Structure formats: structure tokens, C-alpha cells
Amino acid sequence: MIKNYFKTAFRSLVRNRNYTIINIAGLAAGIAVCLVIFVIIQYHASFDNFHTKKDRIYRVLTEYHHADVPDIFYGKGVPLAMPAGLRANFPQLEKVASIYAEGNDQVLVLDENDKAIKKFKEEKGVFFTEPSFFDIFDYKWLAGTPAALANPNTAILTKATAERYFGDWKTAVGKKIKWNNNTVLQITGILDNSPSNTDLQFKVVASLGSGYTARFLTSKEWDGTSSSFGCFVLLPENLKASSFNEQLRGYVKKMKSPENKDSHILESINQIHYSQAGSFSGKTISPELVRVLWLIAGFILLIACVNFINLATAQAVNRSKEVGVRKVMGSNKWQLKLQFLAETFLIVMTAVLLALIISIVLLPALSKLLDLPLVFNIFHNPAAILFLFIVTGCVTLLAGFYPSVVLSGFNPIHALKSQLAVKNTKGISLRRG
């Protein structure tokens, strides 16, 4: 029975080629735009999801309260004394790690005699941190362990950076580089390249305590903050961020001077990419923009469906004879509705396949335009497959329901009479000509 519906639907679509082509093209364009928007949103939603402890990883934010500014605003920088204070006063925290990055760093590659042989300008990607950082976050080590940053004046490189500096990353361990022309760092480890969907895009990671960052480890400064200096914590499984925030506020209030009204709260790593406080990569996106993208996708899909409904309804008059004959032969309304929904389903499925091809062809150019590493592989993206299934079902019902009701509602006698009247009118006009 179902096979017959689709066979009949296919024959009807082939018979009305122009109508079919226009509908498929319109739906394919709308679905392709929705699919591209879905890939963009999916990319942004995937940031730092690869860390196994992501649900317990938080960064400390500064909550600024200024007398001349009525609104509260947030920053990713914290006082230099914050990490040491958390370790000493909150032993329940599993791990605490400082991180420091300024940007626009100069890196000199040194030979065996400590003579500069290459010079690189790194706008971003040079970080200073502690071994505990790699107990919080998951990064693949190609050489060395987190202990590679246990001593001052040591550094690790990512594979791509090591190849730029030394040609072969396997020979980089033991070599030396000079940071900002004043601090010599020995390479003690190699990390695999950072994924594109992380706000911590490493190139060089040096040990905190190297060069002038040594003063960060012993600082007692609580009233000042630097946007370049941040702090991450790993909460135990039984401790909620909201509960710890109350303890943190009370502790910070005692440490700061009375006139300093700023406070500190935790922010989940899952929220960093959407945070108004910013990130070290500088590639955050606002939640409002994500919602706007969803609205645009939905609106475009709705327009494509309305266009389909208009064309199908306009075509209904030409199919009234077919409906009348089917009803005379015994078809009921539900059978006719299923027949027309089957036609819609075939059109939508063809449009989805065409939309996939359009998306795959357009994504490379769009990636370059938006400066985003957008990659779409339908066979390795279950979420995209589910999205297309949902779109197919929704569009079939949304675009096919009204035309199926209109077409199945024709009265067989009136339908046949109207067709005869149309033929007679055409015959009279032809004879008059």
C-alpha cells in the first residue's frame, strides 16, 4: 500500500516537471541555508567540550562595582594573589591553576651557542601556566608530561609551532628559545596541536615563574587585576559553584581593602565562549547572536514552506479531475491526504539531498569569508543527521498538510464539472479564434 503511494507520487511529479523543479529548488535553497547556519551554531557550541572534566572546570571572574558606573560588569582578570589564596584557604578544591598571556610576543630560536637564528612574532598563543593546568584540562602530549613545567625557564610547544621553529618536532625537546628578548626558555615537552574549537589556542606554554612572571607567584596584591592574568579551578564532584561562590565572596571581602567593592564569582568553562568577560582567543559569540541565527534559519525555512504551499494550492485546480476520479473509484479523504503527503515527502527528500550538495560546495568559501574552520561530514555528524531528519519531517508536515487538505476536499461531481467547463471554455475560445 505504502509502496503504491510513492509510486503514484513519483509518476505525478515526473508528469508535472516544471512544478516539481521549482518546488525542489525553493526548498533546497531554504534547507541549505538552514544547514549552513546549523553547522555554524554547532561549531560555536562545541567549544572546549572535549575536556573530560568540563562540567567541573570553572574560571574565576572579577565582578566590578564602580561608583561612577551603575551597571555591574565582568572581567576575566583576577588579582595576582588569587591562585595562592585559593590553594591555601580552600583545600576542598581539587586543582587551582594560574594562566597568563599578553599577546604580541617575540620569540627567538636559539642555536647551541644561544645565538638567535630565527625570529617569530606571535600575536597570540604564548601562555604562562603551572603543571596543575594540565591536570584540569585534557591535551595530548607527544613528548613530556605536565611535570615539564615544574621548573622556571622551561616551556612546551605545540607540534605545529615546534615544526615552524625547528623543522622537526621530534628534535625540539632540549632546544632553547628566547621570549621577548630577555628570558631564555628550554623546551621540555611537545603538545599535539590545539583543536580549533577551544578558547585556549596554544603555541608556546612557558612555566609561570619564568622571567618577570616570577613575582606573580609571591604577590600579595588583592586590589588590582590584570586582564592578562586568569585563574582556573577544578571543583570536586560534591561541590556546586553557587555554594562555592558564597564562600569566595566572603573570603575576598576580608582580603581586599574596605574601599574596594569588587567581588569574584566562578564561571563554567561551558560559558566562556559566550561570556561578556571575553576569552584569551578573543573569539567569543553572544548568546543573543546565536538566538538570532536560529530565528533567521527558522524564518527562511518558513518562507520556503509558504512558497511550496502557494505553488501546491495553485496547482490544485489542475488536479481536481484527478481527485474526482480517485474519489469515484473509492478513495477516501485520508487516502488522498496520504497520497499528497507522499508527494511532498519525495520533493522534500530530493531537496534535502540537493541542499547537502549545496552546503558542502559552499562551506569552504564561507569558512574563508567568516574566518571559521567549518567542516561538515554528514557521516561523522550524528547531530546534523538528526537535524535533517527533523527538518524533513517538519517541512513535509508544514508544507504538505494544507495542500493535502485542499486537494482531498474537492467534491468529485464539482471537480469533474469544473474540468468539463474549463475544456468547453477552451474549445469555444479556440473556435472563435
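Up top you'll find the structure we're talking about.
Right, let's walk through the structure included here.

Reading the values: rules and limits
Residues numbered from 1 in each chain as written. Predicted model: local features only at pLDDT ≥ 70, side-chain atom pairs only at ≥ 80, totals over all residues. Heavy atoms only, no water. Helix = DSSP H or I, 4+ residues; strand = E, 2+ residues; numbered from the N terminus. Buried < 20%, exposed > 50% of the residue type's maximum accessible area, 1.4 Å probe, protein only. Contact = heavy atoms within 4.5 Å. Axes fitted to C-alpha atoms, helices over the stretch in contact; angles between N-to-C directions. Parallel < 35°, antiparallel > 145°, perpendicular 65-115°, else oblique. Left-handed = near helix turned anticlockwise from the far one by under 90°. Patch = residues over 30% accessible without salt bridge, like charges linked within 9 Å, V, L, I, M, F, W, Y side chains within 5 Å. Areas by Shrake-Rupley, 256 points an atom, 1.4 Å probe, with all protein chains shown as cover. Salt bridge = Lys/Arg side-chain N within 4 Å of Asp/Glu carboxyl O. Expected span 1.5 Å × (residues − 1). Arc of directions from axis to C-beta. Core = buried A, V, L, I, M, F, W, Y, C linked by side-chain atoms within 4.5 Å. Pairing = 2+ DSSP bridges.

### Quick notes on the environment of tyrosine 58
(1) Moving on: Checked against the element boundaries, tyrosine 58 lands in strand S1 (residues 57-64).
(2) Moving on: For tyrosine 58, a relative accessible area of 14% corresponds to the buried category.
(3) Moving on: Along the sequence, tyrosine 58 and isoleucine 136 sit 78 residues apart, while their C-alpha atoms lie 9.8 Å from each other.
(4) Moving on: Not counting chain neighbours up to four residues away, the residues in contact with tyrosine 58 comprise Cys231, Phe232, Val233, Leu235, Ala241, Leu266, Glu267, Ser268 and Ile269.

### Re the packing of helix H3 (residues 82-89) against helix H6 (residues 241-255)
(1) Moving on: Where H3 meets H6, the closest approach of the two axes is 12 Å, and the angle between their N-to-C directions is 115 degrees. In terms of their interaxial angle, H3 and H6 are classed as roughly perpendicular. The element H3 and its partner H6 pack so that their crossing is right-handed. Here H3 contributes Met82, Gly85, Leu86 and Asn89 to the contact with H6, which in turn contributes Phe244, Leu248, Tyr251 and Val252.

### As for a nonpolar patch on the surface
(1) Moving on: A cluster of nonpolar residues, Phe299, Leu302, Ile303, Val306 and Leu398, forms a patch on the protein surface that exposes about 460 Å² of accessible area.
(2) Moving on: Considering each element in turn, the nonpolar patch owes the most residues, 4 residues, to helix H7 (residues 287-316).
(3) Moving on: Mapped onto the secondary structure, leucine 398 falls in helix H10 (residues 382-408).
(4) Moving on: We classify leucine 398 as partly exposed; its relative accessible area is 45%.

### Section: H6
(1) Moving on: When the terminal C-alpha atoms of H6 are compared, their 21 Å separation across 15 residues agrees well with the 21 Å that a helix rising 1.5 Å per residue should span.
(2) Moving on: Contacts made by the buried residues of H6 are with S1, H3 and strand S13 (263-268).

### A short note on H3
One full turn of an α-helix is made of 3.6 residues, so residues set three or four places apart face in the same direction.
(1) Moving on: Turning to H3, its buried residues are Met82, Pro83, Gly85 and Leu86. The buried side chains of H3 occupy one side of the element, clustering within an arc of 165 degrees when seen end-on.
(2) Moving on: Each element contacted by the buried residues of H3 is listed here: S1, strand S3 (95-100), strand S12 (229-234), H6 and S13.

### With respect to the nonpolar core
(1) Moving on: Counting residues in each nonpolar core, the largest one holds 44 residues, and the members touching the most others are Leu86 and Val233.
(2) Moving on: Per-element accounting of this core gives the leading share, 5 residues, to H6.
(3) Moving on: The residues contacting valine 233, other than those within four sequence positions of it, are Arg56, Ile57, Tyr58, Val60, Leu86, Leu93, Lys95, Val96, Ile136 and Leu266.
(4) Moving on: Counting 42 residues, the second-largest nonpolar core is a separate cluster that includes Leu293, Cys305, Leu356 and Phe376.

### Quick notes on the pairing of strand S4 (residues 105-110)
Within a regular strand, the side chains alternate between the two sheet faces.
(1) Moving on: Of all 6 residues in S4, 5 are buried; the element is thus mostly enclosed.
(2) Moving on: Of the pairings in the sheet, the one linking S4 to strand S5 (residues 116-122) comprises 6 bridges and is antiparallel in character. Paired with valine 109 across the strands is lysine 118, a residue of S5.
(3) Moving on: One ladder, built from 4 bridges, connects S4 with strand S9 (residues 176-179); its direction is antiparallel. Residue valine 107 lies in a different strand from S9, and its bridge partner there is tryptophan 179.

### Overview of the pattern of salt bridges
(1) Moving on: Counted under the stated rule, the structure contains 9 salt bridges.
(2) Moving on: Among the salt bridges present, the one from glutamate 130 reaches arginine 87, with a minimum N-O distance of 2.8 Å. Here arginine 87 lies in helix H3 and glutamate 130 lies in the loop between strand S6 (126-129) and helix H4 (133-136), a separation of 43 residues in the sequence.
(3) Moving on: The shortest N-O distance in the salt bridge between lysine 176 and aspartate 114 comes to 3.7 Å. Of this pair, lysine 176 sits in strand S9 while aspartate 114 is found in the loop between S4 and S5, placing the two residues 62 residues apart along the sequence.
(4) Moving on: With relative accessibility at 30%, the residue lysine 176 sits in the partly exposed group.
(5) Moving on: Linked by salt bridges that have partners in common, Glu122, Arg164 and Lys203 make up one network.

### What about unusual backbone geometry?
(1) Moving on: For aspartate 48, which is not a glycine, the phi torsion comes out positive at approximately 60 degrees.
(2) Moving on: With respect to the helices and strands, aspartate 48 occurs in the loop between helix H2 (17-45) and S1.
(3) Moving on: In the Ramachandran plot, asparagine 181 falls in the positive-phi region, its phi being about 65 degrees despite a non-glycine side chain.
(4) Moving on: Among the structural elements, asparagine 181 can be located in the loop between S9 and strand S10 (183-191).

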